[in-house]
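Fold and geometry: a report
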Amino acid sequence: MTIASLAMYPFTNLRPAFDQLWEHVSTQLPFDTPALDWDLDHLAACRRDDLLLGQTCGWPLITELATTVHVVGTFDFDVDGAVDGTYRSVLVTATGDSLDDILHRADLMVAANSPDSLSGWISLQSTAGAHGVRLETIEWTGAHARSVEAVRQGRAHLASIDAVSWDHIDGLGLTVVGHGPRVPCLPLVSSRSLTVSLVGELRRALAKAVHDPALADVRRTLKIRDFIARDLQDYEGLSELVQLT
């Protein structure tokens, strides 16, 4: 028995489309597959030996999971600024000020979903560092949507939001004032217990699914335009964004 999880974008309205995508991928595989698990934490799923396919953030991949998973690839998302399976986080504010002015506020408060988030925290630190600023006061929100609310409600002056999440979140009242560094999109991974041959089967099935005309509406809903095979080395350069701690 194996598990499969694509819960990094867990918006309720997207789940049926992810389920349809995975069902189609499953039909291309020469073995039985489980339904997507929407209850298991995505990082917990990626630590399991029976993981067939999961999705994680690039930062935990290189800091915690590098010896635990195979990198299968990533989706190339059809969102603003995304190119060939890479994207940039979106820096948002409700203050009306420029990014430099916000970062140099004496009372600066930023919102971030979690300390291990590449788009929400590592990219924000990298951008602030490029402006000569060290971020000291943070509200940890637990989710990109909650970071958006923290900024909208005035509890925080700035947040860095995953570009795909931003396209699915109501950004009313917020202004995009900048972008984080360009990074690979979220990695799709499998357990190291899978053979290289099975990883190849997953790659072929995912590539076929995202080009099937029958899934055009599903891809449009999920904002997926392609699948790109990747390896761990494609993510190792992320460690240069900030010093590993």
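Described in the following lines is the structure provided in the data block. (Residues numbered from 1 in each chain as written. Predicted model: local features only at pLDDT ≥ 70, side-chain atom pairs only at ≥ 80, totals over all residues. Heavy atoms only, no water.)

Details of the overall build of the chain
Here is the rule we go by: The helix count covers DSSP runs of H or I at least four residues long, the strand count covers runs of E at least two residues long, and both are numbered beginning at the N terminus. Throughout, radius of gyration means the C-alpha value; the globule benchmark is 2.2 Å times the number of residues raised to the power 0.38. Exposure classes here rest on a 1.4 Å probe applied to the protein chains alone. A residue is buried below 20% of its type maximum, exposed above 50%, and partly exposed in between. Contacts between residues were defined by any pair of non-hydrogen atoms, one from each residue, lying within 4.5 Å. Under the convention used here, a 1.4 Å probe and the Shrake-Rupley method define accessible areas, while residue burial counts only the protein chains that appear. Note that His is not counted, nor are the chain ends; the positive residues are Lys and Arg, and the negative ones are Asp and Glu. Where a charge lies is defined by one atom per residue type: Lys uses NZ, Arg uses CZ, Asp uses CG and Glu uses CD.
Scanning the chain from terminus to terminus reveals nine helices and ten strands. Taking 18 Å as the expected radius of gyration for a compact globule of 245 residues, we find that the chain reaches 18 Å, a close match to that expectation. Principal-axis analysis of the C-alpha atoms places the extent of the chain at approximately 60 × 35 × 30 Å. Burial status across the chain gives 51% buried among its 245 residues. Expressed as a percentage of contacts within the chain between residues at least 6 apart in sequence, the contacts between residues at least 24 apart total 78%. As displayed, the chain offers around 11,000 Å² of accessible surface, 48% of which is attributable to carbon and sulfur atoms. Taking the average place of the 19 positive charges on the side chains of the chain and the average place of its 32 negative ones, the gap between the two points comes to 1 Å.

Observations regarding the layout of surface pockets
Put simply, the rule reads: Cavity and pocket criteria rest on a 1 Å grid covering protein atoms alone: a 1.4 Å probe that fits but cannot get out defines a cavity, protein on both sides within 12 Å along at least 5 of 7 lines defines an open pocket, and an atom within 4 Å of a point defines a lining residue. Grid points are joined across faces, edges and corners, and a volume is the space filled by probe spheres set on the points. Note that Gly is not counted as nonpolar here; it falls among the polar residues with everything else outside the nonpolar set of Ala, Val, Leu, Ile, Met, Phe, Trp, Tyr, Cys and Pro and the charged set of Asp, Glu, Lys and Arg.
Approximately 510 Å³ is the volume found for the largest pocket. In this structure, the largest pocket is lined by 26 residues; those nearest its centre are M8, H42, N113, G142 and H144. Breaking the lining of the largest pocket down by element, the ones donating at least two residues are α2 (42-46) and α6 (144-152). Of the residues assigned to the lining of the largest pocket, the class counts are 14 nonpolar, eight polar and four charged.

Focus: the sheet that holds strand β4 (residues 86-93)
Formally: A pair of strands counts as paired when DSSP detects no fewer than two bridges linking them. Interaxial angles span 0 to 180 degrees and are taken between N-to-C directions of axes, which are lines fitted to C-alpha atoms, for helices over the stretch in contact.
Taken in spatial order, the five strands line up as β6-β5-β7-β4-β8 in an open sheet, and their pairing is mixed. With one partner strand each, in any of the chains shown, β6 (138-140) and β8 (175-184) form the two edges of the open sheet. The average angle at which neighbouring strand axes cross in this sheet is 25°, direction not considered. Pairing analysis gives seven bridges linking β4 to β8, with the strands arranged antiparallel.

Regarding the nonpolar core
Condition: As used in this record, nonpolar core signifies buried Ala, Val, Leu, Ile, Met, Phe, Trp, Tyr and Cys residues forming a set joined through side-chain atoms within 4.5 Å.
Within the largest apolar cluster, 84 residues are counted, with the highest numbers of intra-cluster contacts made by Y9, L21, F75, Y87 and L135. Sequence-distant contacts of F75, defined by excluding residues within four places in its chain, comprise L21, Q55, G85, C185, L188, L206, V210, I224, D226 and F227.

Section: helix α1 (residues 15-27)
To be explicit about the condition: A helix is expected to span 1.5 Å multiplied by its residue count minus one.
Over its 13 residues, α1 extends 18 Å from the first C-alpha to the last, a length consistent with the 18 Å expected when each residue adds 1.5 Å. Listing the buried residues of α1 in full gives A17, F18, L21, W22, H24, V25 and S26. Structurally, α1 contributes buried residues whose contacts are with β1 (3-4), β2 (51-55), β3 (69-77), α8 (196-209), α9 (216-222) and β10 (224-229).

Details of the packing of α1 against α8
The following threshold applies: What sets the label is the angle itself: under 35 degrees gives roughly parallel, over 145 gives roughly antiparallel, 65 to 115 gives roughly perpendicular, and the rest give oblique. Two helices cross in a left-handed way if the nearer one is turned anticlockwise from the farther one by less than a right angle. They cross in a right-handed way if the turn is clockwise.
Two elements in contact, α1 and α8, have axes separated by 8 Å at closest approach and are oriented at 125°. Considered as vectors, α1 and α8 are oriented oblique to each other. Our pair here, α1 against α8, has a crossing hand that is right-handed. When α1 is examined against α8, the residues L21, H24 and V25 are found in contact with a partner set consisting of A205, L206 and A209. Looking at the contact of α1 with α8, its residues break down into five nonpolar, one polar and no charged.

Comments concerning the sheet that holds strand β9 (residues 187-191)
What the five strands build is an open sheet, ordered β1-β2-β9-β3-β10; its pairing is mixed. Edge positions in the sheet fall to β1 and β10, since each has one partner strand and no second. As defined by bridge partners, β3 adjoins β9 across five bridges and the pair is classed as antiparallel. Note on β9: the bridge partner recorded for V71 is V189.

Structural notes on empty space enclosed by the protein
For the coordinates displayed, the defined rule picks out one cavity of 30 Å³ or more. Surrounding the largest cavity, C57, Y87, L118, S119, V183, P184 and L186 form its lining. Counting residues per element, the ones that place at least two in the lining of the largest cavity are α5 (118-130) and β8. Its residues assigned to classes, the lining of the largest cavity shows six nonpolar, one polar and no charged.

Here's the deal with unusual backbone geometry
Phi angles above zero are rare outside glycine, and D84 is one such case at about 50°. Mapping D84 onto the fold places it in the loop between β3 and β4. Judged by relative accessible area, D84 falls into the exposed class, the value being 56%. The backbone phi angle of K223 is positive, close to 60°, even though this residue is not glycine. With respect to the helices, strands and loops of the structure, K223 is situated in the loop between α9 and β10. Looking at K223, the relative accessible area reads 22%, which means it is partly exposed.

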